[in-house]
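Coordinates in review
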Amino acid sequence: MSSQRKFFVGGNWKMNGDKATINEIIEFMKGPINTNTEVVVGCPQCYLMYTRQHMPASIGVAAQNCYKVAKGAFTGEISPAMVKDCGCEWVILGHSERRNVFNEPDKLISDKVGHALEAGLKVIPCIGEKLEEREGNRTEEVVFAQMKALLPNISDWSRVVIAYEPVWAIGTGKTATPEQAQDVHAKLRQWLRENVNAQVAESTRIIYGGSVTSGNCQELAKKTDIDGFLVGGASLKPDFVHIINART
Ligand code: PGA
């Protein structure tokens, strides 16, 4: 990892937890955490304020989704302004579960990213290929198309952390090998060099997600273009602290 890029570890609690569980997570997050790692936890929307109020201030809190406009008749949605009003600075957008369970298309995700940045949030857009796409040698084509869709709406790259999450590795226990992940991360960085500029390519964090555990995080973290992780299942357990400290 380049010295320009601070190691970044995000937790994605998904639709898990209640106040009692969140209290337990907050307790283990008070453990010895490497200050060279930027840490953010993505919690269910209804616990954003609670988590922000109780989580140590050094740890960022992210929403797991938000809509593409500031307010209005959009029952069930929340806006970036509301996330900010809850004291949170981050949002995860375009997670594969949003794309594949809730059928969010590239254009909607891109518009959400654009509005979240405009509203002042920091954003973790997620991209990644499905198993059949990898097996059909279409990984590059798929992730580049996802990046291309995001591009017109990214006004400030310093507030963006790209999460590469191969869909086949999410929640399956089947992690990409360090070589497989490094290969895609390097190609994404090259894509940024060619489609944005060299400075953005060098400074943008590209994190890996998909069955990251305390057992595999250190090998993954050694790779040049892997700048951290987005962690689902393991972010609910004390093991998460080991993942945060993967580079120590
Ligand atoms: P997982 O989820 O770590 O449970 O595979 C990762 C994610 O969905 O962000």
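For the structure itself, consult the block above.
Please read these numbers as outputs of a predicted model, since none were measured by experiment.

**Overview of the site of the ligand**
As a structural note, the neighbourhood of the ligand is formed by 13 residues, with Lys14, His95, Glu165, Gly171 and Ser211 the closest of them. Between Gly171 and the ligand, the recorded distance is 2.6 Å, taken from a backbone N or O atom to an oxygen atom. Between the ligand and the protein, one listed contact pairs an oxygen atom with a backbone N or O atom of Gly232 at 2.8 Å. Looking at the shell around the ligand, its residues break down into 4 nonpolar, 7 polar and 2 charged.

**Some thoughts on the pattern of salt bridges**
Per the stated rule, a full pass over the model turns up 20 salt bridges. Across the pair Lys107 and Asp111 runs a salt bridge whose closest N-O atoms are separated by 2.8 Å. With Lys107 and Asp111 both in helix 5 (residues 106-118) and 4 residues apart, this pair spans about one turn of that helix. We classify Asp111 as buried; its relative accessible area is 18%. Across the salt bridge formed by Asp156 and Arg159, the nearest N and O atoms sit 3.0 Å from each other.

**Side note on the packing of aromatic side chains**
Overall, the coordinates contain 5 aromatic pairs when judged by the stated rule. Considering the side-chain rings of Phe7 and Phe229, the 5.8 Å spacing of their centres and the 85° angle between planes classify their relative orientation as edge-to-face. Taken together, the residues span a long stretch of sequence, with Phe7 in strand 1 (residues 7-12) and Phe229 in strand 8 (residues 228-231) at a distance of 222 residues. Grouping residues by exposure puts Phe7 and Phe229 together as buried. A ring pair is formed by Tyr164 and Tyr208, whose centres lie 6.4 Å apart and whose planes are at 55°; its orientation type is tilted. Note that Tyr164 is positioned in strand 6 (residues 162-164) and Tyr208 in strand 7 (residues 206-209), a separation of 44 residues in sequence. On the accessibility criterion, Tyr164 (0% relative accessible area) is buried. If you follow Arg98 out to its NZ or CZ, it ends over the ring of Phe102, 4.1 Å from the centre.

Reading guide: rules and limits
- The numbering scheme is per chain: residues are counted from 1 as the chain's sequence reads.
- With the structure being a predicted model, the display of local features is reserved for residues of pLDDT at least 70 and the display and counting of side-chain atom pairs for 80 or more, all residues being used for whole-chain, interface and lining totals.
- Side-chain metrics in this entry use all non-hydrogen atoms of the structure; hydrogen atoms and water are not considered.
- Near, as used in this document, describes a residue that has one of its heavy atoms within 4 Å of the molecule or strand being considered.
- The term polar contact refers here to a pair of N or O atoms within 3.5 Å; inside protein, the definition further demands a hydrogen-donor-capable atom paired with an acceptor-capable atom, and it admits residues adjacent in sequence only when both atoms are side-chain atoms.
- Each residue is assigned to one of three groups, with Ala, Val, Leu, Ile, Met, Phe, Trp, Tyr, Cys and Pro labelled nonpolar, Asp, Glu, Lys and Arg labelled charged, and all others, Gly among them, labelled polar.
- When a carboxyl oxygen of Asp or Glu lies within 4 Å of a side-chain nitrogen of Lys or Arg, that pair is called a salt bridge.
- The secondary structure listing takes helices from DSSP runs of H or I that are at least 4 residues long and strands from runs of E that are at least 2 residues long, numbered from the N terminus.
- Here's how the labels work: a residue is buried when its accessible area is under 20% of the maximum for its type, exposed when over 50%, partly exposed in between, all with a 1.4 Å probe on protein chains only.
- Pairs were defined over the aromatic rings of Phe, Tyr and Trp, the Trp ring being its six-membered one, requiring ring centres within 6.5 Å. Orientation was assigned from the angle between planes: stacked under 30 degrees, edge-to-face over 60, tilted for the rest.
- Definition used: whenever NZ (Lys) or CZ (Arg) falls within 6 Å of the ring centre and also within 35 degrees of the ring normal, the charge is taken to sit over that ring.

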